[in-house]
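Now for the letters of each chain:
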Amino acid sequence: MFSWLGTDDRRRKDPEVFQTVSEGLKKLYKTKLLPLEDYYKFHEFHSPALEDADFDNKPMVLLVGQYSTGKTTFIRYLLEQDFPGMRIGPEPTTDSFIAVMQGDVEGIIPGNALVVDPKKPFRKLNAFGNAFLNRFVCAQLPNPVLESISVIDTPGILSGEKQRISRGYDFAAVLEWFAERVDRIILLFDAHKLDISDEFSDVIKALKNHEDKMRVVLNKADQIETQQLMRVYGALMWSLGKIVNTPEVIRVYIGSFWSHPLLIPDNRKLFEAEEQDLFRDIQSLPRNAALRKLNDLIKRARLAKVHAYIISSLKKEMPSVFGKDNKKKELVNNLGEIYSRIEREHQISPGDFPNLRKMQDQLQGQDFSKFQPLKSKLLETVEDMLANDIAQLMVLVRQEESQKPMQIVKGGAFEGTLHGPFGHGYGEGAGEGIDDAEWVVARDKPMYDEIFYTLSPVDGKITGANAKREMVRSKLPNTVLGKIWKLADIDKDGMLDDEEFALANHLIKVKLEGHELPNELPSHLLPPSKRKLTE
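Thresholds, definitions, all that
Counting restarts for each chain: residues are numbered from 1 in the order of the written sequence. Local features in this predicted model are restricted to residues of pLDDT 70 or higher, and side-chain atom pairs are both shown and tallied only at a pLDDT of 80 or more, whereas totals for entire chains, interfaces and linings draw on every residue. For side-chain calculations, the full set of non-hydrogen atoms in the structure is used, while hydrogens and water are omitted. By the criteria applied, helices consist of DSSP H or I runs no shorter than four residues and strands consist of E runs no shorter than two, each listed in order from the N terminus. Think of it in three bands: residues with accessible area under 20% of the maximum for their type are buried, residues over 50% are exposed, and the middle band is partly exposed, with areas taken using a 1.4 Å probe on protein chains only. Two residues qualify as a contact provided that any one of their heavy atoms is within 4.5 Å of a heavy atom in the partner residue. Each accessible area is a Shrake-Rupley estimate made with a 1.4 Å probe; only the visible protein chains count as cover when residues are assessed. UniProt positions are given in the numbering used here, feature names are shortened, and annotations may be inferred rather than shown by experiment. Each direction from the helix axis to a C-beta atom contributes to the arc, which is the arc of those directions. Only rings of Phe, Tyr and Trp enter the pairing, Trp through its six-membered ring, and a pair is recorded when the two centres are within 6.5 Å. The plane angle decides the type: under 30 degrees is stacked, over 60 is edge-to-face, the rest tilted. Criterion for a charge above a ring: Lys NZ or Arg CZ within 6 Å of the ring centre, and within 35 degrees of the ring normal. Any Lys or Arg side-chain nitrogen located within 4 Å of an Asp or Glu carboxyl oxygen qualifies as a salt bridge. Here, the term nonpolar core denotes a set of buried Ala, Val, Leu, Ile, Met, Phe, Trp, Tyr and Cys residues that are joined through side-chain atoms within 4.5 Å. Here, a strand pair is defined by DSSP locating no fewer than two bridges between the strands. Think of each axis as a best-fit line through the C-alpha atoms, taken over the contacting stretch in the case of a helix, with angles from 0 to 180 degrees between the N-to-C directions.

> I tried to follow the overall build of the chain on my own but got confused; where do I start?
Counting secondary structure elements, the chain contains 21 helices and 12 strands. Counting all 535 residues of the chain, 48% fall into the buried class. Sequence separation of at least 24 residues holds for 77% of the intrachain contacts in the chain that already meet a minimum separation of 6. Put simply, the chain shows about 26700 Å² of open surface, and 51% of that area lies on carbon and sulfur atoms.

So this is what it looks like as structure tokens:
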């Protein structure tokens, strides 16, 4: 059990006791942030109230992309099995939002039934109406990957004339709702069609403020030659740079995420390395889930504070009897000036304010006379939560992480490359010769011996100074050469014999070929005469 005691008198008498981070977040939200949100109608402007399931649910991955970019195939690739409701084809096939989740029995739960289930984090989606709920299902199936994460498949984003046909619900708003609650957003692009349609552009803009969760996958990259792939990658980065207004570049993974043979295998090693990087990123989600929820609650609290200042300012400016309509129009038109004034008076960062144009549109349909004046006590409670409670929860997150076993996503495609000769990097770099009966360094040892005997060995060994003079010819940094020396000087006598010198040169070659050095010398690289020393 974890607990903490705050600094004020009330908390000394009645300390907050939380079993888990999730419980702490739920209690803080309900007792400290929710009252402020309710009082200033936060949920009508920004985001529905959070529920227990939002804090308890597994990490979620949201897949977004134009039609036929491989979103559904990507999920099948991760799970290594079909899921209920799956349809794959070159035309726009997935016309629904499909939440792929763990279940004891395979089956589909339709949207209207899904949003009344208190154990699922989707209850607030009923605000988008039947047009959306008829296009929302949950596909349940037993799968080891889904024991750690859930995946949300989305309808393909349309282009050309198709995007002018109304979906019947606000597609960008639904994606924004999911973006607030998921742990990772993966944008998929087809290497053959990089045009970002108007609808896709609107979607990416709707995901603003969630850039930290976004990753990009350039899929089907095995279908183009290396030279074309380089140009396609450059074009993608240029297109994204115009839409995602951040100084940092979004991480882009290049590959072919399906279980078919590579059409052009030239870049196999690149695709394997990129896949491993993406898998590591997804596998880290369960471990960082509590921290993500904490981060999202802080973002929400900051927005709720700003919203309270905006609503109370508008209330203060409204006349009590006559001229309300004209004053309302004036205030909406001058909302930018109100933002600036609040920013100065309360020392709030411009980045905490909601989108100006969107806020102006939402205010048009509101009755300003029903707005509430500034209530300092509610704001002080949220300030106290941010200043004290959240800091204590951060400590609890670290304690919880240290006491839990290593949490990573397992099963499916994540298991395929962990063991055996098809593991990433197996038999390459420092792993070369791992299955050979002969010492792999012996292949080039005659060449290394010629150099060794020019370095004035005494009693079959060369000094560190003489070895250094030869090793620095590789132009590797001293830190790398120092690590190589540590690995090669097996008997730790500060000198190298001919086998140790050959091993040092082999490790230099490994590094110059672009591979990483091991932290400890693998057993297959031990010189034959030294193997008894380490037993």
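> Help me out: how do you make sense of the UniProt feature "domain: EF-hand" (unreviewed entry) in the chain in this one?
Following the UniProt record, the feature "domain: EF-hand" (unreviewed entry) maps to residues 476-511 here. Taken end to end, residues 476-511 has its terminal C-alpha atoms 9 Å apart, with 69% of it in helix and 8% in strand.

> I keep staring at the environment of Pro 84 and nothing clicks. Help me out?
Inspection of the secondary structure puts Pro 84 in the loop between helix 5 (71-79) and strand 4 (97-102). On the accessibility criterion, Pro 84 (13% relative accessible area) is buried. Put simply, Pro 84 and Val 100 are 16 residues apart on the chain and 8.6 Å apart in space, counted from C-alpha to C-alpha. Pro 84 has contacts with Glu 106, Gly 107, Ile 108, Ala 139, Gln 140 and Leu 141, leaving out every residue within four places of it along the chain.

> Explain unusual backbone geometry to me, please; I cannot follow it from the model alone.
Working note: non-glycine residues mostly have negative phi, and peptide bonds are mostly trans. In the Ramachandran plot, Ser 456 falls in the positive-phi region, its phi being about 55° despite a non-glycine side chain. With respect to the helices and strands, Ser 456 occurs in the loop between helix 18 (445-452) and strand 11 (461-463). The phi angle at Lys 492 is positive, at roughly 55°, despite the residue not being glycine. Note that Lys 492 resides in the loop between helix 20 (478-488) and strand 12 (495-497). The class of Lys 492 is exposed, set by a relative accessible area of 55%.

> Just to check I follow, could you spell out helix 19 (residues 464-471) for this structure?
In an α-helix, one turn spans 3.6 residues, which is why side chains three or four residues apart end up on the same side. Inspection of helix 19 places Asn 466, Ala 467, Glu 470 and Met 471 among the buried residues, and these make up the whole buried set. Along the axis of helix 19, the buried residues cluster in a sector spanning 135°; they form a single face. Residues of helix 19 that are exposed and point over 90 degrees away from its buried face: Ala 465, Lys 468 and Arg 469. In this structure, the buried side of helix 19 is in contact with helix 18, strand 11, helix 20, strand 12 and helix 21 (498-512).

> Even after reading the chapter, I still don't get the packing of aromatic side chains, so can you show me in this structure?
One pass over the structure, following the stated rule, counts 21 aromatic pairs. An aromatic cluster is built from Phe 97, Phe 122, Phe 128, Phe 132, Phe 136, Tyr 169, Phe 171, Trp 177 and Phe 178, whose rings are joined through pairwise contacts. The side chain of Arg 251 reaches across the aromatic face of Tyr 253, ending 4.2 Å from its centre.

> I tried to follow the pattern of salt bridges on my own but got confused; where do I start?
If charged atoms from side chains of opposite charge come close, those side chains can pair. Here the structure, examined in full by the defined rule, presents 37 salt bridges. The shortest N-O distance in the salt bridge between Arg 251 and Asp 277 comes to 3.0 Å. Here Arg 251 is found in the loop between helix 10 (226-243) and strand 10 (252-254), whereas its partner Asp 277 is found in helix 11 (residues 268-283), with 26 residues between them in sequence. For Arg 251, a relative accessible area of 33% puts it in the partly exposed group. We note a salt bridge from Asp 352 to Arg 302, for which the minimum N-O separation is 3.0 Å.

> It is not clear to me how helix 13 (residues 324-333) should be interpreted in this structure. Could you clarify?
Residues Lys 327, Lys 328, Leu 331 and Val 332 constitute the buried set of helix 13. Taken around the axis of helix 13, the buried residues stretch over an arc of 135°, which confines them to a single face. Set apart from the buried face of helix 13 by more than 90 degrees, the exposed residues are Asp 325, Asn 326, Lys 329 and Asn 333. Those residues of helix 13 that are buried are in contact with helix 12 (285-317), helix 14 (335-346) and helix 15 (356-364).

> I tried to follow the nonpolar core on my own but got confused; where do I start?
Nonpolar side chains in soluble globular proteins generally cluster together in the buried interior. Within the largest apolar cluster, 48 residues are counted, with the highest numbers of intra-cluster contacts made by Phe 122, Phe 178, Leu 187 and Leu 218. In this view, Leu 187 contacts Val 64, Phe 200, Ile 204, Leu 207, Met 214, Arg 215, Val 216 and Val 217; residues no more than four positions away in its chain are not counted.

> Would you explain the sheet that holds strand 6 (residues 136-141) in this entry?
By definition, the strands of a sheet pair up through backbone hydrogen bonds, in either a parallel or an antiparallel sense. Read across the open sheet, the eight strands follow the order 5-6-4-7-3-8-9-10; overall the sheet is mixed. Of all the strands in the sheet, just strand 5 (107-110) and strand 10 have a single pairing partner and so form its edges. In this sheet, adjacent strand axes meet at a mean angle of 25° when their direction is disregarded. Pairing geometry for strand 3 (residues 60-65) and strand 7 (residues 150-153), over three bridges, is parallel. For Leu 62, the partnering residue across the bridge sits in strand 7 and is Ile 152. With respect to the sheet, helix 5 is in contact with strand 3, strand 4, strand 7 and strand 8 (184-190), its orientation differing from that of strand 3 by roughly 145°.

> For this particular structure, what's the right way to read the environment of Phe 132?
Tracing the chain through its elements places Phe 132 in helix 7 (residues 129-133). Taking the relative accessible area as the measure of exposure, Phe 132 reaches 0% and is therefore buried. The sequence separation of Phe 132 and Gly 168 amounts to 36 residues, and the corresponding C-alpha distance is 7.3 Å. Residues within four places of Phe 132 in sequence aside, it is in contact with Phe 97, Leu 125, Tyr 169 and Val 174.

> It is not clear to me how the pairing of strand 7 should be interpreted in this structure. Could you clarify?
Put simply, side chains in a regular strand alternate between the two faces of the sheet. On strand 7, burial covers both faces: Ser 150 and Ile 152 on one face and Val 151 and Asp 153 on the other are all buried. As judged from the three bridges shared by strand 4 and strand 7, these two strands associate in the antiparallel manner. Counted as the bridge partner of Ala 99 is Ile 152 from strand 7.

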